[in-house]
Amino acid sequence: MKTIQIYDPALCCSTGVCGVNVDQALVNFAADVDWARQKGATIERFNLAQQPMAFAENEVVRGFLNRSGAESLPLILVDGEVALAGRYPNRSELSRWAGVETKPPAGCGCCGGHC
């Protein structure tokens, strides 16, 4: 299975789902990451405010930040290569990169057998 690394901008906590004014996109993304991990995906997240050395020590991330700046985060790497920048991926993108199924198996009972 592939490794997905998310390099977040400076957030108040590890997911950004904290504080008074929570960004709904971060709530959705945190749920999608949890879903993908439950399916077996390997996903690592790094927060610029809490883990700056993870950004400095990765040559791809360091080069991206030098070219585009921190305002261009988040940066998503799949097996060390840039897959997406500037926005968070949706569940479909995460599942494609991780190689996990997004649909329930046929006959699972969730849709009356019409999945």
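Residues numbered from 1 in each chain as written. Predicted model: local features only at pLDDT ≥ 70, side-chain atom pairs only at ≥ 80, totals over all residues. Heavy atoms only, no water.

A few words on the overall build of the protein chain. When helices and strands are tallied, the protein chain shows four helices and four strands. Element order for the protein chain, N to C, with α for helix and β for strand: β-α-β-α-α-β-β-α. In the protein chain, which comprises 115 residues, the share counted as buried stands at 37%. In the protein chain, of all internal contacts separated by at least 6 residues, the share reaching a separation of at least 24 is 57%. Surface summary for the protein chain: the accessible area is close to 6600 Å², and the carbon and sulfur share equals 49%. (Helix = DSSP H or I, 4+ residues; strand = E, 2+ residues; numbered from the N terminus. Buried < 20%, exposed > 50% of the residue type's maximum accessible area, 1.4 Å probe, protein only. Contact = heavy atoms within 4.5 Å. Areas by Shrake-Rupley, 256 points an atom, 1.4 Å probe, with all protein chains shown as cover.)

So, about helix α1 (residues 24–38). For an α-helix, the turn length of 3.6 residues means that residues three or four places apart are oriented alike. Relative to the 21 Å expected for 15 residues at 1.5 Å per residue, α1 spans 21 Å between its end C-alpha atoms, a close match to the ideal helical length. For α1, the secondary structure elements touched by its buried residues are β1 (3–8), β2 (42–47) and α4 (91–98). (Expected span 1.5 Å × (residues − 1).)

Our focus in this paragraph is the packing of α1 against α4. A packed helix pair is summarised by two numbers, namely the angle formed by the two axes and the spacing between the axes. Where α1 meets α4, the closest approach of the two axes is 10 Å, and the angle between their N-to-C directions is 30 degrees. Relative to α4, α1 is oriented roughly parallel. Seen along the crossing, α1 lies across α4 with a hand that is right-handed. In this structure, α1 uses F29, A31, D32, V33 and W35 to contact α4, whose residues at the interface are R91, L94 and S95. Here the residues of the contact of α1 with α4 sort into five nonpolar, one polar and two charged. (Axes fitted to C-alpha atoms, helices over the stretch in contact; angles between N-to-C directions. Parallel < 35°, antiparallel > 145°, perpendicular 65-115°, else oblique. Left-handed = near helix turned anticlockwise from the far one by under 90°. Nonpolar A, V, L, I, M, F, W, Y, C, P; charged D, E, K, R; others polar.)

Bringing the pairing of β1 into the picture now. Burial analysis of β1 places five of its six residues in the buried class, the great majority of the element. Looking at chain direction, β1 and β2 are connected through six bridges and run parallel. From the neighbouring strand, Y7 faces β2, where its bridge partner is F46. Relative to strand β3 (residues 75–78), β1 runs antiparallel, the two being bridged by four bridges. Along β3, the bridge assignment pairs I6 with I76. (Pairing = 2+ DSSP bridges.)

For the rest of this paragraph, the subject is the packing of aromatic side chains. In total, this model carries three aromatic pairs according to the counting rule given. Ring geometry for Y7 against F55: centres 5.1 Å apart, planes inclined by 80 degrees, an arrangement best described as edge-to-face. A residue pair is termed long-range when its members are at least 10 positions apart, and Y7 in strand β1 and F55 in helix α2 (residues 52–57) qualify at 48 residues. Note on accessibility: Y7 and F55 belong to one class, buried. (Phe/Tyr/Trp six-rings, centres within 6.5 Å; stacked < 30°, edge-to-face > 60°.)

With the rule as written, the count across this model stands at three salt bridges. One salt bridge in this structure joins R45 and D8, with 3.0 Å as the shortest N-O distance. Note that R45 is positioned in strand β2 and D8 in strand β1, a separation of 37 residues in sequence. Accessibility expressed as a relative area gives 0% for D8, which makes it buried. Across the salt bridge formed by E93 and R87, the nearest N and O atoms sit 2.7 Å from each other. (Salt bridge = Lys/Arg side-chain N within 4 Å of Asp/Glu carboxyl O.)

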